[in-house]
Amino acid sequence: MLACDDKNSLRRTPLYGLHVSLGGKMVPFAGYEMPVQYPAGVLKEHLHTRSSAGLFDVSHMGQIALRSKSGTVEDAARALERLVPQDIVALAPGRQRYAQFTNADGGILDDLMVANFGNHLFLVVNAACKAEDEAHLRAHLTEGCIIDSLTERALIALQGPKAEAVLAKLCAEAPSMKFMDAGPRKVDGIDCFVSRSGYTGEDGYEISVPAADAERLAKALLANSEVLPIGLGARDSLRLEAGLCLYGHDIDTATTPVEAALEWSVQKSRRTGGARAGGFPGAQKILAHFDQGASRRRVGLRAEGRAPVREGALLFADATTTEAVGTVTSGGFGPSLNAPVAMGYVPTAQSALGTKLFAEVRGQRLPLTVAAMPFVKNTYKR
Amino acid sequence: MTTTLYTSDHEWLDIDGDVATVGITDYAQQQLGDVVFVELPKVGRALKKTEAAAVVESVKAASDVYAPISGEVLEVNQAVVDEPALVNSDAAGKAWFFKIKIADKSELGGLMDEAAYKAHTA
């Protein structure tokens, strides 16, 4: 996940100067110097996002335009369907959907957002995977498609219940957008790509902005008293409470979308019996998991005590057995729940809600219960 | 009259006769960020110098607190277990972690006074 963290080779986003001026504590992340927190601290930043609005710099993520050489978005969609198990052909203009690049073993190379911008597709991929993702697209789709890495753009997320009112001041169309609507919009006169989506479980927006205008836009948003800058620390605790996967931790090349409990993201048209069933890397294994079930599953975990159960903790069926049944892949303290939250993989037989398990933390077995995700109810404007 | 000493691992010790009260420094709490969980040793446990004695966790990470000197745990501060945020608001005061009966006074010789600790964190 954290490739390329050598301090000398770290990159900076167009908002680096702003982060420093706001007192951001800069740390290496996915090859970039990013703010892990600001003076408010992780706890306040997290709670502020849930009660008001938070601004996140996610410019380290990769933005890619995918165009068909034929000029039609349908052909670009058909091409991309060769690499993802999602229905891209039926994705309507102005809409976005969650997807995964899969490998021949049915594992996940990366997860991404795909939007239909009318004449081409717009992809947002993880920072740590973006070079590999671009190479993957070029290796498989160059014949029919033009792959354009949009390196001169920043990406800003505005999340929380006040995000709509704040963005409405700079973009009159923002309130009328629904969850997962996406496309070019003017924001404060700047040519942006706006989607109503995010990584916190809250209503909000993600705004792709030309690098040269990024700081001006971020400052215009931060000029609203409702908005605080939010670092990577709170971004992680927010997404964990929302039950959202972090690539390289909760999903990776060894997990299939079915094991990862991401069946909802694979439309019927791509499953067995669908109009365009299969035809993506690892289809045989992934469809077998759909049809026959997988032997393990990603689940949410709640602890009885207050001790956080973190990534890597082994899971056991009872308080004494020596053989682990699974592993925690993300875990920490959920500020909105005021309690520890975690997710991890367990045998399917032990994945039912309410199943009692134990996690080993510093030599002690702590009781856990398999719990529904999201842990905090999401507030998307559907 | 107590003397306050410091470790390079950012713990403070208030020495009062043969009893030391141990906590983490304000510098340490600032580095940790918002503390959400504290685990303390059991009363009566015989701690050896530098062994993990307590755990302090922020939203993001868990950190061990090491025994700065050897000795038996005489008392622990339940208030900091019940309200971990005390570590952020009053690290050098109300958020003390445990009291230890000093087993070997010569171990205090390796600790820093306030001026040396300030230089260490500068």
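No experiment lies behind these values; they were computed from the predicted model shown.

A. Examining the overall build of chain B more closely. On a plain count of helices and strands, chain B comes out with 4 helices and 9 strands. Beginning at the N terminus, the succession of helices and strands in chain B can be written as β-β-β-α-β-β-β-β-β-α-α-β-α. At 13 Å, chain B has a C-alpha radius of gyration in line with the 14 Å of a compact globule built from 122 residues. Relative to its 122 residues, chain B shows a buried fraction of 46%. Counting only contacts in chain B whose residues sit at least 6 apart along the sequence, the fraction spanning at least 24 positions is 57%. Element-wise, carbon and sulfur atoms account for 49% of the exposed surface of chain B, whose accessible area totals about 5,800 Å². Within chain B, one finds 10 positive and 20 negative side-chain charges whose respective centroids are separated by 3 Å.

B. Expanded view of the domain arrangement of chain A. Residues and elements named next belong to chain A. Split into domains, chain A comes out as domain 1 (7–58 + 152–241) and domain 2 (295–382). A separation of 29 Å is found between the C-alpha centroids of domain 1 and domain 2. In this assembly, 15 residues from domain 1 lie in contact with 20 residues from domain 2. Roughly 1,500 Å² is buried in total at the junction of domain 1 and domain 2, and carbon and sulfur atoms are behind 59% of that figure. Broken down residue by residue, the surface that domain 1 buries against domain 2 is led by Phe-179, Leu-240 and Glu-241, which jointly contribute 46%.

C. Highlighting the pairing of strand S1 (residues 3–6) of chain B. All names here are of chain B. The pairing of S1 with strand S2 (residues 11–16) spans 4 bridges and is antiparallel. Residue Thr-3 lies in a different strand from S2, and its bridge partner there is Ile-15. The turn linking S1 back onto S2 is made up of 4 residues, and His-10 within it adopts a positive phi angle of 70°.

D. Representation of the interface of chain B and chain A. Contacts between the two partners involve 12 residues from chain B, matched on the other side by 17 residues from chain A. Viewed at the interface, chain A and chain B are joined by 4 salt bridges. Across the salt bridge formed by Asp236(A) and Lys60(B), the nearest N and O atoms sit 3.5 Å from each other. Taken together, the links from chain B to chain A amount to 9 residue pairs in polar contact (both at pLDDT 80 or more). Listed by contribution, the elements that provide at least two residues to the side of chain B that touches chain A are strand S4 (35–39) and strand S6 (52–58) of chain B. For the side of chain B that touches chain A, a count of residues per class yields 6 nonpolar, 2 polar and 4 charged.

Quick notes on the rules
- Residue numbers here run from 1 along each chain, matching the order of that chain's written sequence.
- Both sets of labels track the order of writing: A upward for chains, 1 upward for ligands.
- Reporting in this predicted model follows two pLDDT cut-offs: at least 70 for local features of residues, and 80 or more for side-chain atom pairs to be given and counted; totals over whole chains, interfaces and linings ignore these cut-offs and use all residues.
- For the side-chain quantities, the full set of heavy atoms in the structure was used; hydrogens and water were omitted.
- For helices the rule is a DSSP run of H or I covering at least 4 residues; for strands it is a run of E covering at least 2, with both sets numbered from the N terminus onward.
- The quantity called the radius of gyration is restricted to C-alpha atoms. Its globule counterpart is 2.2 Å times the number of residues to the power 0.38.
- Each residue is assigned to one of three classes by its accessible area relative to the maximum for its type, calculated with a 1.4 Å probe on protein chains only: buried under 20%, partly exposed between the two thresholds, exposed over 50%.
- Contacts are assigned to residue pairs that have any heavy atoms within 4.5 Å of one another.
- Residue-level accessible areas treat just the shown protein chains as cover; the underlying method is Shrake-Rupley with a 1.4 Å probe.
- Neither His nor the chain ends is counted toward charge; the positive residues are Lys and Arg and the negative residues Asp and Glu.
- Each charge is placed at NZ for Lys, CZ for Arg, CG for Asp and CD for Glu.
- Marked domain ranges trace back to an automatic or database domain assignment.
- Summed over both partners, the accessible area lost on bringing two parts together, with a 1.4 Å probe, is the buried area.
- In this description, strands pair whenever DSSP reports at least two bridges between them.
- Every case where a carboxyl oxygen of Asp or Glu lies within 4 Å of a side-chain nitrogen of Lys or Arg is listed as a salt bridge.
- Distance and chemistry together define a polar contact, namely a pair of N or O atoms within 3.5 Å, with one atom able to donate a hydrogen and the other to accept it when in protein, and with adjacent residues in sequence counting only for side-chain atoms on both sides.
- Just so you know the grouping, Ala, Val, Leu, Ile, Met, Phe, Trp, Tyr, Cys and Pro go in nonpolar, Asp, Glu, Lys and Arg go in charged, and all remaining residues, Gly too, go in polar.

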